[in-house]
Amino acid sequence: MSKSINFRPPFQSETATLLVAVRCRPLNAKEKLRFRDILRVVDDKIVVVLDPDIAKEYLDKVQGRSKEKQYAFDLAFDYTNSNEVVYQRTVGTLVPNVVKGFTSTIFAYGATGSGKTHTMVGTQDDPGLMVLSLRDIFNRIQMETEIDFEVTCSYLEVYNEVIYDLLERSSGHLELREDPEQGITIAGLKKIQVNSADRILELLEEGNSRRKTESTDANATSSRSHAVLEIVVKRKEKNNYNAPVLKGKLSLVDLAGSERASETNNAGQKLRDGANINRSLLALANCINALGKQGKKGLSYVPYRNSKLTRLLKDGLSGNSRTAMIATVSSSSDQYQHTTNTLKYADRAKEIKTHIRTNVGTVESHISDYQKMIDGLQIEVQTL
Ligand code: ADP
Ligand code: MG
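Starting from 1, residues in each chain are numbered consecutively following that chain's sequence as written. Written order decides the labels, with chains lettered from A and ligands numbered from 1. Residue-level local features of this predicted model are given only where pLDDT is at least 70; pairs of side-chain atoms are given and counted only at 80 or more, and the full residue set underlies all totals for whole chains, interfaces and linings.

Visitor: Honestly, the overall build of the protein chain in this entry has me stumped. Any pointers?
Guide: Counting from the N terminus, the helices are the DSSP runs of H or I reaching at least four residues and the strands are the DSSP runs of E reaching at least two. The number of helices and strands found in the protein chain is 12 helices and 16 strands. Burial analysis of the protein chain (384 residues in total) assigns 43% to the buried set. Think of it as a crowd count around each C-beta: if 20 or more other C-beta atoms lie within 10 Å the residue is buried, if 12 or fewer it is exposed, and in between it is partly exposed, with C-beta placed from the backbone throughout.

So, in structure tokens, the structure goes:
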């Protein structure tokens, strides 16, 4: 495993819109007894996957055949990398701009059990990106003595295309509204003013205990909802009544498990959850696709309205925002299929971004690759 950490800024170009990072989680004690480690990270950028079946065949008889597949990303983290390191190289590069009034969005995408919540929320001993972002924001605010700041947080979930407040003990359905002045707002969503990062982990843990989880064949505590922490930082010059108020926003999204509902033998309510989870992920993919076309043609319709998740994240996904995707994967050989699916999804997201940035003329062919993936997902949704 590669241990050298080079803290170079990952956003190398002004036009780069999507940073794609992959994080590999280790096998747990139980998995170690039955399964093998199939992932290797090289040079902080490349994930090498060993196909467990091909590997066996290879060792048995197929000499010279490649048993490994490689994927390159902006960043790749192995399990020697703590949440702190993941933070510094991803969200940590965006937070200085959030404090100055810009918008950023971070997604954790991956199958159930791959490490999305570990990365985003974490624990007391190893706090995740949500907590580390707030700590960083408050450290930066303290250094700017000439500016008045106000920091507020909200934490919600989208479950079955319905929005619930995770900071309320028993939240009803919340309505999403589009205001010409304020953009997307959620009527009745609790916004907590925070003065330090200390209390946020407590609030997040409380909120997470309210998240809708359901036992499925795939995992005993499969997360069926998307959780969004929104941190808003307002800044205004001190003692200057005419100074504008600038509003920075950081959205951190812990997506529902990306695995296919059809693989889990679900029925009834759970099937509907699966269809909606896929619909939101599909809508997200469609938006990223359209944003890619925007890079080429200037203007293109972006279908934000197709799901609650994309409507919510409209600001965070549009042109002026910086977006990072952290794809989480398990290294355990029994998760090979999920791991491969996630790496392919992340790989396509990365291709679109790279070609927008470096060679606008070739975007179309890569969009068509991406369209194939979207068509595949559409078939998947239709067959549920
Ligand atoms: P998800 O939210 O994607 O369903 P979790 O974040 O709940 O998955 O992770 C599943 C389990 O794996 C948890 O017990 C978590 O502590 C552990 N885990 C996840 N990522 C890591 C990591 N990078 N290092 C160590 N343990 C991890
Ligand atoms: Mg989770």
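From this point, the discussion proceeds with the structure in view.
Visitor: Quick question: what am I supposed to make of helix α6 (residues 129–143) here?
Guide: Given 3.6 residues per turn, any residue in an α-helix points the same way as the ones three and four places further on. A helix is expected to span 1.5 Å multiplied by its residue count minus one. Here α6 contains 15 residues, and its C-alpha end-to-end distance of 21 Å stays within 8% of the 21 Å for a straight helix at 1.5 Å per residue. Every buried residue of α6 is accounted for by Leu 129, Met 130, Val 131, Leu 132, Ser 133, Leu 134, Asp 136 and Ile 137.

Visitor: Whenever I open this one, the nonpolar core confuses me. Can you help?
Guide: Note on soluble globular proteins: their nonpolar side chains tend to be buried together. Membership of the largest hydrophobic core comes to 77 residues, with the highest contact counts inside it found for Val 22, Met 325 and Ala 327. Note on contacts: residues are paired as contacts if their backbone-placed C-beta atoms lie within 7 Å. If near-sequence neighbours (up to four positions away) are discounted, Ala 327 is found in contact with Val 20, Val 22, Tyr 109, Gly 110, Thr 342, Leu 343, Tyr 345 and Ala 346. Connectivity within a nonpolar core runs through C-beta atoms within 7 Å, and the core itself is a set of buried Ala, Val, Leu, Ile, Met, Phe, Trp, Tyr and Cys residues.

Visitor: Even after reading the chapter, I still don't get the site of ligand 1, so can you show me in this structure?
Guide: For ligand 1, the set of nearby residues contains 14 residues, the closest of which are Arg 25, Gly 115, Lys 116, Thr 117 and His 118. Among the elements that line the shell around ligand 1, the one with the most residues is helix α5 (residues 116–120), at three residues. We call a residue near a molecule or strand when its C-beta atom, built from the backbone, sits within 6 Å of it.

Visitor: Would you take a moment to explain the pairing of strand β6 (residues 103–110) for this structure?
Guide: The side chains of a regular strand alternate between the sheet's two faces. The buried fraction of β6 is high, at eight of eight residues. Side chains Thr 103, Thr 105, Phe 107 and Tyr 109 project from β6 onto one buried face, and the interleaved Ser 104, Ile 106, Ala 108 and Gly 110 project onto a second face that is buried too. Relative to strand β15 (residues 246–254), β6 runs parallel, the two being bridged by six bridges. Bridging across to β15, Ala 108 finds its partner in Asp 254. In this analysis, strands are considered paired if DSSP registers two or more bridges between them. Here β6 pairs with strand β16 (residues 322–330) via seven bridges, running parallel. Note that in β16 the partner of Ser 104 across the bridge is Arg 322.

Visitor: Any chance you could explain the sheet that holds strand β3 (residues 46–50) here in plain terms?
Guide: Sheet strands pair by backbone hydrogen bonding; their relative direction is either parallel or antiparallel. In spatial order, the strands read β2-β3-β4; together these three strands make up an open sheet with antiparallel pairing. Looking at strand neighbours, the two that pair on one side only are β2 (39–42) and β4 (68–72), the edges of this open sheet. Strand-to-strand twist in this sheet, taken as the mean axis angle between neighbours without regard to direction, amounts to 25°. Summarising the sheet, β2 and β3 pair through four bridges and their orientation is antiparallel. Across the sheet, Leu 39 pairs through a bridge with Val 49, a residue of β3. Axis definition: a line fitted to C-alpha atoms, over the contacting stretch in the case of helices. Angles run 0 to 180 degrees between N-to-C directions.

Visitor: How should the UniProt feature "binding site: ATP" (unreviewed entry) in the protein chain be read in this particular structure?
Guide: Feature annotation in UniProt assigns "binding site: ATP" (unreviewed entry) to the following positions: Gly 110, Ala 111, Thr 112, Gly 113, Ser 114, Gly 115, Lys 116 and Thr 117. With respect to the helices and strands, the residue Gly 115 is situated in the loop between β6 and α5. For Gly 115, a count of 22 C-beta atoms within 10 Å translates into the label buried. Those residues within four positions of Gly 115 in sequence are excluded, and the remaining contacts are Arg 23, Arg 25, Gly 110 and Thr 328. UniProt positions are given in the numbering used here, feature names are shortened, and annotations may be inferred rather than shown by experiment.

Visitor: I'm lost on unusual backbone geometry in this one. Help?
Guide: Trans is the common state for peptide bonds, and a negative phi is the common state for residues other than glycine. In this structure, Asp 44 is a non-glycine residue whose phi angle is positive, near 60°. With respect to the secondary-structure elements, Asp 44 resides in the loop between β2 and β3. Despite not being glycine, Asn 160 shows a phi value in the positive range, around 55°. Among the secondary structure elements, Asn 160 is positioned in the loop between β7 (147–159) and β8 (162–165). Judged by local crowding, Asn 160 falls into the partly exposed class, with 17 C-beta atoms found within 10 Å.

Visitor: Would you explain the confidence of the model for the protein chain in this entry?
Guide: As a note on interpretation, predicted positions should not be read in detail where pLDDT is low. Values of pLDDT, which run from 0 to 100, indicate the predictor's confidence residue by residue. Looking at the protein chain, pLDDT values average 78 and 72% of them are 70 or higher. In this model, residues 1–16 is a region of pLDDT below 50 whose contacts with residues beyond four sequence positions or in other chains number 29 contacts. Below pLDDT 50 for its whole length, residues 353–370 participates in 32 contacts with residues either more than four positions away or in separate chains. For this predicted complex, the interface confidence reaches an ipTM of 0.99, while the overall pTM sits at 0.81.

Visitor: Just checking my understanding: could you explain the environment of Ile 326 for this structure?
Guide: Looking at where Ile 326 falls in the secondary structure, it is placed in strand β16. The exposure class of Ile 326 is buried, given the 27 C-beta atoms found within 10 Å. The sequence separation of Ile 326 and Ala 108 amounts to 218 residues, and the corresponding C-alpha distance is 4.8 Å.

Visitor: It is not clear to me how the pairing of β16 should be interpreted in this structure. Could you clarify?
Guide: The element β16 is largely enclosed, with a buried count of nine among its nine residues. Residues Arg 322, Ala 324, Ile 326, Thr 328 and Ser 330 line one face of β16 and the alternating positions Thr 323, Met 325, Ala 327 and Val 329 line the opposite face, and both faces are buried.

Visitor: Any chance you could explain the environment of Pro 52 here in plain terms?
Guide: As for its position among the elements, Pro 52 is in helix α2 (residues 52–60). A tally of 15 C-beta atoms within 10 Å means that Pro 52 is categorised as partly exposed. Spatially, the C-alpha atoms of Pro 52 and Phe 138 are 46 Å apart, while their sequence positions differ by 86 residues. In this view, Pro 52 contacts Arg 36, Ile 38, Ser 333 and Tyr 336; residues no more than four positions away in its chain are not counted.

Visitor: Got a minute to help me understand the packing of α6 against helix α7 (residues 200–209) in this structure?
Guide: One way to put it is that α6 packs onto α7 with a least axis distance of 10 Å and a crossing angle of 150°. Compared by their axis directions, α6 and α7 come out roughly antiparallel. Viewed along their axes, α6 and α7 form a crossing whose handedness is right-handed. Where α6 abuts α7, its residues Met 130, Val 131 and Leu 134 lie against Ile 200, Leu 201 and Leu 204. For this classification, under 35 degrees means roughly parallel, over 145 means roughly antiparallel, 65 to 115 means roughly perpendicular, and everything else is oblique. It is the rotation of the near helix from the far one that decides the hand of a crossing: anticlockwise by less than a right angle makes it left-handed, clockwise makes it right-handed.

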